[in-house]
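# What the coordinates show
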Amino acid sequence: MGISTDNVHGLILAISSSVFIGSSFIIKKKGLKKAGMTGRSAGSGGYSYLYEPWWWAGMITMIGGEAANFAAYAFAPAILVTPLGALSIIFSAVLAHFILEEKLHIFGVLGCNLCVVGSVTIVLHAPQERAIESVTQVWDLATEPGFIVYSVLVVIVVCVLIFHYVPRYGKTHLIVYVGICSLMGSLTVMSVKALGIGLKLTFEGSNQFKYFQTWFFLVVVMICCLLQINYLNKALDTFNTAVISPVYYVMFTSFTILASMIMFKDMDHQNASQIATEVCGFITILSGTFLLHKTKDMGNSSPLEPPVFLSPTPHQNPNAGSPH
């Protein structure tokens, strides 16, 4: 079965979005670095980056990418659009290598390739989206018990991360900032999907803004986006861009597809072979992310010294001489 015209439009918009978003990571980090030299850094709770033109250039680029992504969700299912965010990993990692001098090791390149292969696997076996003719239909799906439970759990976990873990581990554990962005991102995408459908139907002649549900989804998008921007800035200012991008991608994609499965029941009409292939695609992506994370500092090590993979065990004296 060939790909539909709507899905083609969605794919083109999603790829364009990845190019803009991947580039925005680098532009924004350049602005954050310049702002940190003249004021309090974002990682320390400062907002001096708001006066930095480079940061705003990156923000505008990201908005352009998110706008393309927003439009993509109106044409294609989330499980098809979201994995294409892997392309932003490639652009941000390569640009970070050349512009920010955050060296990318050969294993990092392999990790990027694995992320793309896994994403393509998921895209090729993605389920068809159900036909939706009104925002009220999306509201009915969002108010079913399964998705309500998921949403409540997300809000609780995010609150725990913000109020308990951020003050203690935010500057040392990447997963804290990225976890907040990814969890809120899954709710953002579901609301963006609803809002995108509403806009699409409105432009086709069926006004969806007469329903309060459309405005509710708009408010959710605004709140979630503000939280994501704030904590993504902190992550970018504190950690290596080449690592933030893939980890954020995998977590965001995983939670988004999970939310889409719960809300839109994407896999109800798939057979075991299709589901297994998609799971393999995720494992491939996770493998690529693992390589990127484990080799993040290898590109900056001296070429004359072999990279060290293992830290001393609790019973090993790190100051002891070589056994050889």
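The following paragraphs examine the structure supplied in this document.

Thresholds applied
Every chain's residues receive numbers from 1 upward, in the order its sequence appears when written. In keeping with the predicted nature of the model, local features appear solely for residues at pLDDT of at least 70, side-chain atom pairs appear and are counted solely at 80 or more, and the whole-chain, interface and lining totals rest on all residues. Excluding hydrogens and water, the side-chain figures rest on all heavy atoms present in the structure. Helix and strand definitions follow DSSP, with helices as H or I runs of at least four residues and strands as E runs of at least two, each counted in order from the N terminus. The span you would expect from a helix comes to 1.5 Å times its residue count less one. Here's how the labels work: a residue is buried when its accessible area is under 20% of the maximum for its type, exposed when over 50%, partly exposed in between, all with a 1.4 Å probe on protein chains only. Contacts between residues were defined by any pair of non-hydrogen atoms, one from each residue, lying within 4.5 Å. Salt-bridge detection follows one rule: a side-chain nitrogen of Lys or Arg within 4 Å of a carboxyl oxygen of Asp or Glu. Pairing of aromatic side chains requires ring centres within 6.5 Å, counting the rings of Phe and Tyr and the six-membered ring of Trp. Pairs whose planes differ by under 30 degrees are stacked, by over 60 edge-to-face, and all others tilted. Nonpolar cores were defined as sets of buried Ala, Val, Leu, Ile, Met, Phe, Trp, Tyr and Cys residues, with membership established by side-chain atoms within 4.5 Å.

### Concerning helix 8 (residues 174–203)
For helix 8, with 30 residues, the first-to-last C-alpha span of 41 Å sits near the 44 Å given by 1.5 Å per residue. Counting buried residues in helix 8 gives 25 out of 30 residues, a clear majority hidden from the surface. Of the residues one or two after helix 8, G205 is the one with positive phi, at around 110°.

### Side note on helix 2 (residues 53–75)
Helix length check: helix 2, at 23 residues, gives a terminal C-alpha distance of 34 Å against a target of 33 Å (1.5 Å per residue), a fit within 8%. Listing the buried residues of helix 2 in full gives W55, G58, M59, T61, M62, G65, A68, N69, A72, Y73 and A74. Among the structural elements, helix 1 (5–38), helix 3 (78–81), helix 8 and helix 9 (212–238) are those in contact with the buried residues of helix 2.

### Observations regarding the pattern of salt bridges
A pair can form between side chains of opposite charge whenever their charged atoms are brought close. This structure, assessed with the given rule, holds one salt bridge. The salt bridge partner of E144 is K265, with a shortest N-O separation of 2.5 Å. In this pair, E144 is assigned in the loop between helix 6 (135–142) and helix 7 (145–169) and K265 in the loop between helix 10 (241–264) and helix 11 (272–294), connecting sequence segments 121 residues apart. Assessed through its relative accessible area of 29%, E144 is described here as partly exposed.

### Here's the deal with the packing of aromatic side chains
A complete count under the given rule lists ten aromatic pairs for this structure. Ring centres 6.0 Å apart and planes at 70° place the aromatic pair W139 and F217 in the edge-to-face group. Within this pair, whereas W139 is found in helix 6, its partner F217 is found in helix 9, the two being separated by 78 residues in sequence. In this pair, the class of W139 matches that of F217, namely buried. Here F209 and W215 contribute two aromatic rings whose centre-to-centre distance is 5.4 Å and whose plane-to-plane angle is 65°, an arrangement assigned as edge-to-face. Given the relative accessible area of 25%, F209 is considered partly exposed. Members of the aromatic cluster, each reached through a chain of ring pairs, are W139, F212, F216 and F217.

### What to know about the nonpolar core
Of all hydrophobic cores here, the largest spans 79 residues; its most connected members are V138, F147, M190, L232 and M263. The element best represented in this core is helix 8, accounting for 15 residues. Other than its neighbours up to four places away in sequence, L232 contacts F25, M62, C181, I244 and Y248.

### Considering the side chain of T61
You can see T61 is positioned in helix 2. Contact partners of T61, with chain neighbours within four places excluded, come to F20, S23, S24 and I27.

From the geometry alone we can't say anything about function, so treat these as descriptive.
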